[in-house]
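Coordinates in review
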Amino acid sequence: MVEVYELWTVILSLIVVKLCHWFYQWSNPKCKGKLPPGSMGFPIIGKTFEFMKPHDAIQLPTFVKEKTHRYGPVFRTSLFGAKVIISTDSGLNIEMAKTNHVPGMPKSLARLFGENNLFVQSKESHKHVRSVTTQLLGSQGLKLRMMQDIDILTRTHMEEGARNGSLDVKETVSKILTECLAKKVMGEMEPEATKELALCWSHFPKGWFRISWNIPGNGVYRMMKAKKEMIRILKETVLKKRASGEEVGEFFKMLLGEVEGGEEMISVESAIEFIFSFFLIANEATPSVLTATVKLISDNPKVMQELKREHEQIVRDKSEKEKKAGLTWEDYKSMTFTQMVINESLRITSTAPTVLRIIDHEFQFGDYTIPAGWIFMGFPSVHFNPEKYDDPLAFNPWRWKEKDLTAIVSKTYIPFGAGSRLCLGADFAKLLMASFIHHLCRYRWSMKTETTVLRRFILMFPGGSDIQISQDTEVDNSAG
């Protein structure tokens, strides 16, 4: 009996020693040089829950601010089960964006996009995808292929909201995105398929990027079910079109491409996976940012007044024939103050990491070594630097007066990231925002009082933001 007791004592002691050794190794990861300061938290969980706490949407996460104050602009931690370097140093962020090309993401995100997704494949595949996407969403593509559709869809949904007396900004923008992109990417879709696709987005779990464990009932589990259903709809649409000889969307044809001998550059399955990711990313960011923009405009009467003046002028300068034709590219380019509002909104709501990379080579930053294989998260703290922006927490579109409003990235402005992974949808997002603001300014509207959109993390909104909307008799609403 004594021998059994001693045996169990030895076994338990070994387990404790092993656990202590594991915890020590987790807390003190190996590195050839000197790691940035920080805390790794508990094994696997790390500091994830602390990082994900809700915070004011016009300030950096509380976690980042507290750790930066304690450790400095660059520190180490563990999030989503991965080793992470977090940076609020704008110079380091730009450098890491330029010299590292593989997107950094937790396992839940990698699982969602798939191991063979074109976003994370070879440089050649990524180069092909970027080229094709630029043809659709670059300035020339927007002018020739997207401008009219965005204008018609925005006007249609705005009129529907006015008839109903209210409009959910986030849900409406998501519908406009889905319908507009689906038409260009997939060609004409059956109405039922379009409705099913939109329904999938409405049920897609918020915060799908948080935790990587796939447990029945949690966000990742629902995320994977939503992905499966969306890909089914997209694949059925493509196969039906091909079987009947019907044309698929222009973007889809360009994405498949052809090499010598008539072979497609990528498979239909890979193209569908990319299109799913394409829809997902577009629907995750733009509706939330535009919702926050509407709230910021609502809270600033002078901004709203100047916007109304600009957009009323655009309508008044049109002939009746031009009004019926809708917004033109020239109209969009003439929206100077609107662009100032959009730039300021993007600056003040960019509180999520805009540079996400897998560090592919060891990098020296001062006395510290940034190790290869870790995830790098670069936060745009420069947006809130009082040395770069006077009163940085104030929403002040006039600060952009006489500045280059077409620039989407600079040393002090990185809402769309930087480097080879610079967001390809930047110009598209700004066009959609401008079109939405144009049509919204032609109605009487106000935010519903219960809306608290700016009290939550911009990428963690639990739902859209309702506004009360009605026809504005002071402005001709016949077109535009």
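Residues numbered from 1 in each chain as written. Predicted model: local features only at pLDDT ≥ 70, side-chain atom pairs only at ≥ 80, totals over all residues. Heavy atoms only, no water.

Here's the deal with the overall build of the protein chain
Formally: Secondary structure follows DSSP: runs of H or I at least 4 residues long count as helices, runs of E at least 2 residues long count as strands, and numbering of each begins at the N terminus. Each residue is placed in one exposure class: buried if its accessible area under a 1.4 Å probe, protein chains only, is under 20% of its type's maximum, exposed if it is over 50%, and partly exposed if it falls in between. Contact definition: two residues touch when any of their heavy atoms are within 4.5 Å. Each accessible area is a Shrake-Rupley estimate made with a 1.4 Å probe; only the visible protein chains count as cover when residues are assessed.
Counting its regular elements, the protein chain contains 17 helices and nine strands. Expressed as a percentage of the 480 residues in the protein chain, the buried residues total 53%. Pairs at least 24 apart in sequence give 75% of the contacts found in the protein chain among residues at least 6 apart. About 23,000 Å² of surface is accessible on the protein chain, with carbon and sulfur atoms providing 55% of the total.

With respect to helix α12 (residues 268-298)
Filter applied, for reference: How far a helix is expected to stretch is found by multiplying one less than its residue total by 1.5 Å.
Helix length check: α12, at 31 residues, gives a terminal C-alpha distance of 45 Å against a target of 45 Å (1.5 Å per residue), a fit within 8%. By the criterion of burial, α12 is predominantly enclosed, with 26 of the 31 residues buried.

Things to note about the UniProt feature "binding site: heme" (unreviewed entry) in the protein chain
Rules: UniProt positions are given in the numbering used here, feature names are shortened, and annotations may be inferred rather than shown by experiment.
According to UniProt, the positions carrying the feature "binding site: heme" (unreviewed entry) are Cys423. Along the polypeptide, Cys423 turns up in the loop between β7 (375-378) and α17 (426-440).

A closer look at the side chain of Ser381
One can find Ser381 in the loop between β7 and α17. Owing to a relative accessible area of 18%, Ser381 belongs among the buried residues under this scheme. Every residue in contact with Ser381, bar those within four places of it in the chain, is listed here: Leu60 and Thr88.

Some details on the packing of helix α13 (residues 301-316) against helix α16 (residues 336-349)
The criterion, for reference: Angles run from 0 to 180 degrees between N-to-C directions of axes, and those axes are lines fitted to C-alpha atoms, restricted for helices to the stretch in contact. Should an angle lie under 35 degrees it is considered roughly parallel, over 145 roughly antiparallel, and from 65 to 115 roughly perpendicular; all remaining angles are considered oblique.
Where α13 meets α16, the axes come as close as 8 Å, and the angle between the chain directions of the two elements is 140°. If you check the angle between α13 and α16, you find them oblique. Counted together, Val303, Glu306, Leu307, Glu310 and His311 of α13 and Thr336, Phe337, Thr338 and Val341 of α16 form the full contact between these two elements.

A short note on the packing of aromatic side chains
Note the threshold: Centre distance within 6.5 Å is the pairing criterion for rings of Phe, Tyr and Trp, where only the six-membered ring of Trp is used; planes under 30 degrees apart are then read as stacked, over 60 as edge-to-face, and the remainder as tilted.
A full pass over the atoms with the stated rule returns nine aromatic pairs. Each ring, one from Phe337 and one from Trp398, has its centre 5.0 Å from the other, and the planes form 50°; the classification is tilted. Residue Phe337 is located in helix α16, and its partner Trp398 is located in the loop between β7 and α17; the two are separated by 61 residues in the primary sequence. Given the relative accessible area of 5%, Phe337 is considered buried. Aromatic pair Tyr389 and Trp400: ring centres 6.2 Å apart, planes at 45°, arrangement tilted.

Comments concerning unusual backbone geometry
A positive phi angle, near 55°, is found at Phe80, a position not held by glycine. Position of Phe80 relative to the elements: it lies in the loop between β1 (74-79) and β2 (82-87). By relative accessible area, which is 9% here, Phe80 ends up buried. Positive phi, normally seen in glycine, also occurs at Asp391, with a value near 45°. By the element assignment, Asp391 lies in the loop between β7 and α17.

Points about the nonpolar core
So the rule is basically this: Think of a nonpolar core as a cluster: buried Ala, Val, Leu, Ile, Met, Phe, Trp, Tyr and Cys residues, connected wherever their side-chain atoms sit within 4.5 Å.
Counting residues in each nonpolar core, the largest one holds 104 residues, and the members touching the most others are Phe51, Met146, Phe251, Phe252, Ile275, Met377 and Phe436. If one sorts the elements of this core by residue count, α12 sits on top with 15 residues. Ranked by size, the runner-up nonpolar core spans 16 residues in total, among them Ile94, Ala97, Val355 and Trp374.

A look at the sheet that holds strand β4 (residues 355-358)
Our working definition: Only strands joined by at least two bridges in the DSSP assignment are considered to pair.
Read from one edge to the other, the open sheet built from four strands follows the order β1-β2-β7-β4, with strand pairing classed as mixed. The sheet is open, and its two edges are formed by β1 and β4, each paired on a single side. Ignoring which end each strand starts from, the neighbouring axes of this sheet average 25° apart. Where β4 lies against β7, four bridges are found, and the strand directions are antiparallel. In the strand pairing of β7, Val355 is matched with Gly378. Across the face of the sheet, helix α3 (residues 62-71) comes into contact with β1 and β2 while running at roughly 135° to β1.

Looking at a nonpolar patch on the surface
Note the threshold: For patch building, the residue pool is restricted to those with more than 30% relative accessible area and no salt bridge; the joining distance is 9 Å between like charges and 5 Å between nonpolar side chains (Val, Leu, Ile, Met, Phe, Trp, Tyr). What makes a salt bridge here is a side-chain nitrogen of Lys or Arg within 4 Å of a carboxyl oxygen of Asp or Glu, nothing more.
Nonpolar side chains collect at one region of the surface, where Leu7, Trp8, Ile11, Leu12, Ile15 and Leu19 lie side by side and expose about 600 Å² of accessible area between them. Residue placement: Trp8 occurs in helix α1 (residues 2-27). The class of Trp8 is exposed, set by a relative accessible area of 51%.

Some details on the pattern of salt bridges
By the definition in use, this model includes twelve salt bridges. In this structure, Lys67 engages Glu50 in a salt bridge whose closest nitrogen and oxygen atoms are separated by 3.5 Å. Taken as a pair, Lys67 in helix α3 and Glu50 in helix α2 (residues 48-51) lie far apart in primary sequence, 17 residues in all. What makes Lys67 buried here is its relative accessible area of 10%. Overall, Glu50 belongs to the partly exposed group, its relative accessible area being 25%. The closest approach of N and O atoms between Arg232 and Glu229, which form a salt bridge, is 2.5 Å. With a gap of three residues between them, Arg232 and Glu229 both fall in helix α10 (residues 219-244), about one helical turn apart. Accessibility expressed as a relative area gives 30% for Arg232, which makes it partly exposed. A cluster of three or more residues bridged by salt bridges with shared partners is formed by Lys47, Glu50 and Lys67.

Comments concerning α16
Compared with the 20 Å implied by 1.5 Å per residue over 14 residues, the 20 Å span of α16 between its first and last C-alpha is a close match. α16 sits mainly inside the fold: 13 of its 14 residues count as buried.

Some points on the pairing of β1
Where burial is concerned, most of β1 is hidden: six out of the six residues are buried. Of the two faces of β1, the one holding Val74, Arg76 and Ser78 and the one holding Phe75, Thr77 and Leu79 are both buried throughout. Sheet topology note: the β1/β2 ladder contains six bridges and is antiparallel. By the bridge assignment, Val74 is partnered in β2 with Ser87. Counting the residues that bridge the hairpin from β1 to β2 gives two residues, and of these Phe80 lies at a positive phi of roughly 55°.

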